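Per-entry structural report
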Amino acid sequence: MTVAHDAIDVLAVGDWKGRAVRCCSSTMSGSSADRTGRAGASVASIGSVLPSSYEGLNCSVARTLEVIGERWTALIVRDALLGITRFDDFHTSLGVPTNTLTKRLASLVAHGILARSNGEYELTRAGRDLDPVIRSLLAWGDQHRAPNGPPRLVHHRPCGTELDPLALFCSTCEQTVSARDIELRSGPGARRSATRQH
């Protein structure tokens, strides 16, 4: 199985929070230069203590971000959808620090996205239901954050047909496409990146 290392960008929740802090900081009194300096300091200090929850927001998007919005979490879910179940395999695929991976996996288990059994992490019903979310992130990233083309292309494993990331049906073999039927292969964006490195 080929697993993309960079097909999906992590949800930039921290960046959203940072922008919110900068927006609030812009109302401080004083000169422009003074406001800029203090705003920067505020972003640095407040950003380090921002809570991980969106308490008070009655919003399903906010509640979802509380579960999968931390750095690496969406990529762990992506790899689980592609069939990875063991800690070492997640680590090899993502290159995430082991202590961070341990925390993220524990959080996904606590939130009912993964279930741990016999040293393996299996997706629950709630976890499998994130499949269209991850596919949508892939499609959005390919369209808006891949100037050299998609880093990875989606292929239907049984027949090899290239698919749209959001495809739920393969017209070639006339089969329904699940996450486990998907193989990610290098796309034009990955090849161009490799060319620039040499």
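As shown above, the structure is provided for reference.
Residues numbered from 1 in each chain as written. Predicted model: local features only at pLDDT ≥ 70, side-chain atom pairs only at ≥ 80, totals over all residues. Heavy atoms only, no water.

**Thoughts on the pattern of salt bridges**
Pairing between side chains becomes possible if they bear opposite charge and their charged atoms approach one another. In the structure shown here, the tally under the stated rule is seven salt bridges. In this structure, Arg 86 engages Glu 120 in a salt bridge whose closest nitrogen and oxygen atoms are separated by 3.3 Å. Taken together, the positions of Arg 86 in the loop between α4 (73-81) and α5 (87-94) and Glu 120 in strand β2 (residues 120-123) put the pair 34 residues apart, joining distant regions of the chain. For Glu 120, a relative accessible area of 26% puts it in the partly exposed group. (Salt bridge = Lys/Arg side-chain N within 4 Å of Asp/Glu carboxyl O. Helix = DSSP H or I, 4+ residues; strand = E, 2+ residues; numbered from the N terminus. Buried < 20%, exposed > 50% of the residue type's maximum accessible area, 1.4 Å probe, protein only.)

**Describing the nonpolar core**
Core analysis: the largest hydrophobic core is formed by 23 residues, its most contacted members being Ile 76, Val 77, Phe 90, Leu 105 and Leu 114. Within the residue set of this core, elements represented by two or more residues are α3 (60-68), α4, α5, α6 (98-110) and β2. Here this core takes six residues from α4, the largest share from any one element. Ignoring anything within four residues of it in the chain, the contact list for Val 77 reads Leu 108, Ile 113, Leu 130 and Ile 134. Core analysis: the next-biggest nonpolar cluster, separate from the first, contains nine residues, Leu 82, Leu 138, Leu 163 and Leu 184 among them. (Core = buried A, V, L, I, M, F, W, Y, C linked by side-chain atoms within 4.5 Å. Contact = heavy atoms within 4.5 Å.)

**Considerations on the sheet that holds strand β3 (residues 152-156)**
Spatial strand order, β4-β3-β7: three strands in an open sheet with antiparallel pairing. A strand with exactly one partner marks an edge of an open sheet, and here the two such strands are β4 (162-163) and β7 (182-186). Both β3 and β7 contribute to a ladder of five bridges, which runs antiparallel. If you follow Leu 153 over to β7, its bridge partner there is Arg 185. (Pairing = 2+ DSSP bridges.)

**As for the environment of Val 154**
Along the chain, Val 154 turns up in strand β3. Separated by 32 residues in sequence, Val 154 and Ser 186 place their C-alpha atoms 9.1 Å apart. Once you skip the residues sitting within four places of it in the chain, Val 154 turns out to touch Leu 138, Thr 161, Glu 162, Leu 163, Pro 165, Ile 182, Glu 183 and Leu 184.

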